[in-house]
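Here are the chains, one letter per residue:
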There are 2 protein chains.
Amino acid sequence: MPPGKPKLQQRAAGETGRFMPSANNLNILNIQSDISGNTRDRLLAAARKVFSEHGFQGATVREICRHAEVNLAAVNYHFSGKEALFVAALSFEPLNALRNSVAHESGAKVRLQRFIEGFLTQLMNENGTPQCQLMMRELIEPTLALDNIVQEVIAPLHEFVSQLVRDVVGAKVTPGELRRCVFSIFGQCLFYRHSHAVIRRLHPNLHYDKKEISATAHHITEFTLAGLRQIAENP
Amino acid sequence: MPPGKPKLQQRAAGETGRFMPSANNLNILNIQSDISGNTRDRLLAAARKVFSEHGFQGATVREICRHAEVNLAAVNYHFSGKEALFVAALSFEPLNALRNSVAHESGAKVRLQRFIEGFLTQLMNENGTPQCQLMMRELIEPTLALDNIVQEVIAPLHEFVSQLVRDVVGAKVTPGELRRCVFSIFGQCLFYRHSHAVIRRLHPNLHYDKKEISATAHHITEFTLAGLRQIAENP
DNA sequence: TTGCGATTCAAACAAGCGTTTGATACACTT
DNA sequence: AAGTGTATCAAACGCTTGTTTGAATCGCAA
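Reading the values: rules and limits
Residues numbered from 1 in each chain as written. Chains lettered and ligands numbered in written order. Predicted model: local features only at pLDDT ≥ 70, side-chain atom pairs only at ≥ 80, totals over all residues. Heavy atoms only, no water. Domains from an automatic or database assignment. Buried area = accessible area lost by both parts, 1.4 Å probe. Salt bridge = Lys/Arg side-chain N within 4 Å of Asp/Glu carboxyl O. Polar contact = N/O pair within 3.5 Å; in protein donor to acceptor, adjacent residues only side chain to side chain. Axes fitted to C-alpha atoms, helices over the stretch in contact; angles between N-to-C directions. Helix = DSSP H or I, 4+ residues; strand = E, 2+ residues; numbered from the N terminus. Parallel < 35°, antiparallel > 145°, perpendicular 65-115°, else oblique. Left-handed = near helix turned anticlockwise from the far one by under 90°. Contact = heavy atoms within 4.5 Å. Nonpolar A, V, L, I, M, F, W, Y, C, P; charged D, E, K, R; others polar.

## Some details on the domain arrangement of chain A
Residue and element names in this part refer to chain A.
At step 1: Here chain A is partitioned into domain 1 (21–89) and domain 2 (93–233).
At step 2: Both sides of the domain 1 and domain 2 interface together cover about 1000 Å² of buried area, and 68% of this is carbon and sulfur.
At step 3: Contact with domain 2 buries surface across domain 1, with R48, S52 and F86 losing the most and accounting together for 49% of the total.
At step 4: Applying the counting rule to domain 1 against domain 2 returns zero salt bridges.
At step 5: Counting every contact that joins domain 1 to domain 2 gives zero residue pairs in polar contact (both at pLDDT 80 or more).

## Observations concerning the packing of helix α8 (residues 146–169) of chain A against helix α11 (residues 210–233) of chain A
All names here are of chain A.
At step 1: Close contact between α8 and α11 brings their axes to 9 Å; oriented N to C, the two are set at 60°. Classed by the angle they form, the pair α8 and α11 counts as oblique. Along this stretch, α8 crosses α11, giving a crossing that reads as right-handed. Two secondary-structure elements touch here, α8 through V165, V168 and V169 and α11 through L225, L228 and A232.
At step 2: Across the contact of α8 with α11, the residue classes break down as six nonpolar, no polar and no charged.

## Things to note about the interface of chain B and chain A
One frequent convention defines the size of an interface as the accessible area lost when the parts assemble.
At step 1: Contacts between chain B and chain A engage 49 residues on the former and 49 residues on the latter.
At step 2: Among the salt bridges present, the one from D147(B) reaches R201(A), with a minimum N-O distance of 3.0 Å.
At step 3: At the boundary of chain B with chain A, the tally comes to 18 residue pairs in polar contact (both at pLDDT 80 or more).
At step 4: Put simply, the parts of the chain that give the side of chain B that touches chain A at least two residues each are α1 (39–58), α7 (130–140), α8 (146–169), α9 (175–194), α10 (196–202) and α11 (210–233) of chain B.
At step 5: Among the residues forming the side of chain B that touches chain A, the class breakdown is 24 nonpolar, 15 polar and 10 charged.

The structure is reproduced here in structure tokens:
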């Protein structure tokens, strides 16, 4: 039993578990399990996957634990519960890294192109980080840490794109028009994630591999730049 | 008890319930309840409201029945269960009506403008039909009748917008570019619904009344037309 | 009035949920 | 070798869910 109130563990980074549980001791048979890391890390990885697929309400801790091959009680031992696990599974690094990597490109149009392509890649990359997809899922099902997410990631991201738009259309654009331009950019990108179930049914043979993502990013960039020029010319 | 297997009632349209239940007999005190119609219709109305707010998984039949002021068992009596109630609550008429009303406008740009404004209105209108919002909710949480919805509404809608795009950019556009243009249009519109929780947090003082919806529709139209012209000129 | 089918009711049911429990197994210190 | 704290385990708890049940109530017809 955990001593006192063991919730919200104070663990040093990289600390390893003490033993392998009997359900996981495939290694005594020299069988390599494809599960890596300790229980806590496996839980985080499984949580990102399951939460991003089914949403917070749709995901069950039993499925997460089954996927992580850990005991059911591990969620409440290593975290405080399902909700804390969700918050811990969130990660703002990929999107912040994208913002930073694009920021010191030269030329407004290049920065816009790079941002859209990077953003689309994070949204669509199936084998990539589900952390971004997990966050996008939260945007639609606003129950938990949305206030925090907006403050930490979304607002800086919108401000960043706002600056990109200003660099293209000039600083004399009205706040309302600026906001709508930013929304048009995000809307075009997010559509591919939010509506991907519909897209799959409309075009069953269409797969968003690296090439298709690149073509899509090129389209959105050209489409957007033309729209922005239109706004700039007719204020 | 219902005779045999009473599910999937065969009811004539407009048939009324036989008596007012004791929980609802406010009329003996001459108190006018704001609930109108029979049990089945009240259930449908409440289901549209609750489902569109919380999604299929998030909504509970208890909340729906409480909202409809109806006994809990009514869902399984008048329908076969929660899932059948959801399917029955879906309504394709508003979007099909929009398509038809726009179809016989003259001029491609006018049709596009009218469609975007009408679509945005159905998406955002808070006091309006929650049927469209209920359907849009289903697009993100693809569990139930999505195949049917895509076939009945989404596919015709995309085909309709595809024709609008062809009318603007010409028929020689490639299928891939055509598809991406349609996605850009829908993406810009749907953003305001899918991300409205984020928008509310980013701009707390911004409310999408009739005037703001109109301005937004105007922006999307101009933005899109410029993008389409760009596509048409650089094939 | 009596009987009957349709409808509504309160109550309970079975299943699934997140969470808790107490025992057990391990690594490490003394 | 014994003790201590950490981690995992199977099992159960309390609660909510969708659904079912059998009785009660209504309009209506004989």
